[in-house]
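Observations on the three-dimensional arrangement
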Amino acid sequence: MSRTRRGLLAGARTAFAERGLKKTTMQHVAAAAGVAKATLYNHFRTKDDVATALIAFELDRLAALAAELPLTVAVPALAEEVGAHPVLRRLAETEPEVLVQMMGLDADRWGDVVLTLGSALRISRPEAELVCRWLLGLVLQPGTAPERAAQAAVVTGQLVG
């Protein structure tokens, strides 16, 4: 991924976290990324395209994080990343209907997410399904950091036990 595209997605993350998806404009994304709006339009046609690319980028980022860590560290790290993610928290707070719509993956896309996470964590498909479903629950009901850590310990215990 180019440095420009990565910067645009970082700007999108900032803008979406500040304003939510509905109230963020392409101008807001460009300003947060520190580029002209034309530069943003060279990479993305619509705000929905930006949001879709940001979701894919974040999933790849989380998989890369998980792949670098031992399972007992990766699962709590993923829980904290999902539970404290600024865009997810903003959407859950101000635009829950948008968040629910974004989480609705078709069977093929869900399968891709499960396989990617399973591969990163080096766990079986049924185990990856369990972890993905738990993380998806944290999107809507993140709880507190200590609660996420306690849940991660239970999930990890099931995986290594």
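Since we're looking at a predicted model, the values are computed, not measured.

What counts and what doesn't
- Residues numbered from 1 in each chain as written.
- Predicted model: local features only at pLDDT ≥ 70, side-chain atom pairs only at ≥ 80, totals over all residues.
- Heavy atoms only, no water.
- Buried < 20%, exposed > 50% of the residue type's maximum accessible area, 1.4 Å probe, protein only.
- Helix = DSSP H or I, 4+ residues; strand = E, 2+ residues; numbered from the N terminus.
- Arc of directions from axis to C-beta.
- Contact = heavy atoms within 4.5 Å.
- UniProt positions renumbered as here; feature names shortened; annotations may be inferred.
- 1 Å grid on protein atoms, 1.4 Å probe; cavity = no way out; pocket = protein on both sides within 12 Å on 5 of 7 lines; lining within 4 Å.
- Points joined across faces, edges and corners; volume = space filled by probe spheres on them.
- Nonpolar A, V, L, I, M, F, W, Y, C, P; charged D, E, K, R; others polar.
- Core = buried A, V, L, I, M, F, W, Y, C linked by side-chain atoms within 4.5 Å.
- pLDDT = per-residue confidence, 0-100.
- Expected span 1.5 Å × (residues − 1).
- Salt bridge = Lys/Arg side-chain N within 4 Å of Asp/Glu carboxyl O.

Once that is clear, we can look at helix H7 (residues 96-103). Among all positions in H7, only Val-98, Leu-99 and Met-103 are buried. Viewed end-on, H7 has its buried residues packed into an arc of 135°, placing them on one side of the element. On its buried face, H7 sits against helix H1 (3-23), helix H6 (86-94) and helix H9 (125-140).

With that settled, consider the UniProt feature "DNA-binding region" (unreviewed entry) in the protein. UniProt marks residues 25-44 with the feature "DNA-binding region" (unreviewed entry), using the numbering shown here. Across residues 25-44, helical content stands at 75% and strand content at 0%; the span's end C-alpha atoms are separated by 13 Å.

This paragraph deals with the layout of surface pockets. What the largest pocket holds in volume is close to 1,100 Å³. Along the walls of the largest pocket sit 39 residues, with Ile-55, Leu-59, Met-102, Met-103 and Leu-105 positioned nearest its centre. Looking at the lining of the largest pocket, the elements that each hand over two or more residues are H1, helix H4 (47-68), helix H5 (71-83), H6, H7, helix H8 (107-121) and H9. In terms of residue count, the dominant contributor to the lining of the largest pocket is H4 (12 residues). Broken down by class, the residue content of the lining of the largest pocket amounts to 26 nonpolar, five polar and eight charged.

With that settled, the discussion passes to the nonpolar core. Residues Phe-16 and Leu-121 are the most contacted members of the largest nonpolar core, which totals 48 residues. Once residues lying within four places of it in the same chain are set aside, the contact partners of Phe-16 are Leu-21, Thr-24, Val-29, Lys-47, Val-50, Ala-51, Leu-54, Val-87 and Arg-90.

Right, let's get into the confidence of the model for the protein. Across the protein, the average pLDDT comes to 93, with 99% of residues at or above 70. Taken element by element, the predicted model of the protein shows its lowest mean pLDDT in H7 (83) and its highest in helix H2 (residues 26-33) (97).

The periodicity of an α-helix, 3.6 residues per turn, causes residues three or four places apart in sequence to face the same way. For H5, which comprises 13 residues, the first-to-last C-alpha distance of 18 Å matches the rise-based estimate of 18 Å (1.5 Å per residue) to within 8%. Regarding H5, the residues found buried are Leu-71, Ala-74, Val-75, Leu-78, Ala-79, Val-82 and Gly-83. Seen from one end, H5 has its buried residues packed into an arc of 155°, which puts them on one side. Of the surrounding elements, those touching the buried residues of H5 are H4, H6, H8, H9 and helix H10 (145-160).

A word on unusual backbone geometry. Backbone geometry at Arg-122 places phi at a positive 60°, although glycine is not the residue there. Take Arg-122: it is sitting in the loop between H8 and H9. Assessed through its relative accessible area of 52%, Arg-122 is described here as exposed.

As a further point, take the UniProt feature "domain: HTH tetR-type" (unreviewed entry) in the protein. What UniProt calls "domain: HTH tetR-type" (unreviewed entry) maps, in this numbering, to residues 2-62. In residues 2-62, the share of helix is 85% and the share of strand is 0%. The end C-alpha atoms are 19 Å apart.

What follows covers the pattern of salt bridges. Following the criterion strictly, the structure yields eight salt bridges and no others. Lys-22 serves as the salt-bridge partner of Glu-97, at 2.5 Å between the closest nitrogen and oxygen. Here Glu-97, found in helix H7, pairs with Lys-22, found in helix H1; they are 75 residues apart in sequence, far enough to count as distant. Under the relative-accessibility criterion, Glu-97 is labelled partly exposed at 43%. Here Lys-22 falls in the exposed class, since its relative accessible area comes to 54%. For the salt bridge of Arg-125 with Glu-129, the shortest nitrogen-to-oxygen distance reads 3.6 Å. Note that Arg-125 and Glu-129 are positioned in helix H9 at a spacing of four residues, about one turn of the helix. The structure contains a network of salt bridges with shared partners spanning Arg-13, Glu-58, Arg-61 and Glu-81.

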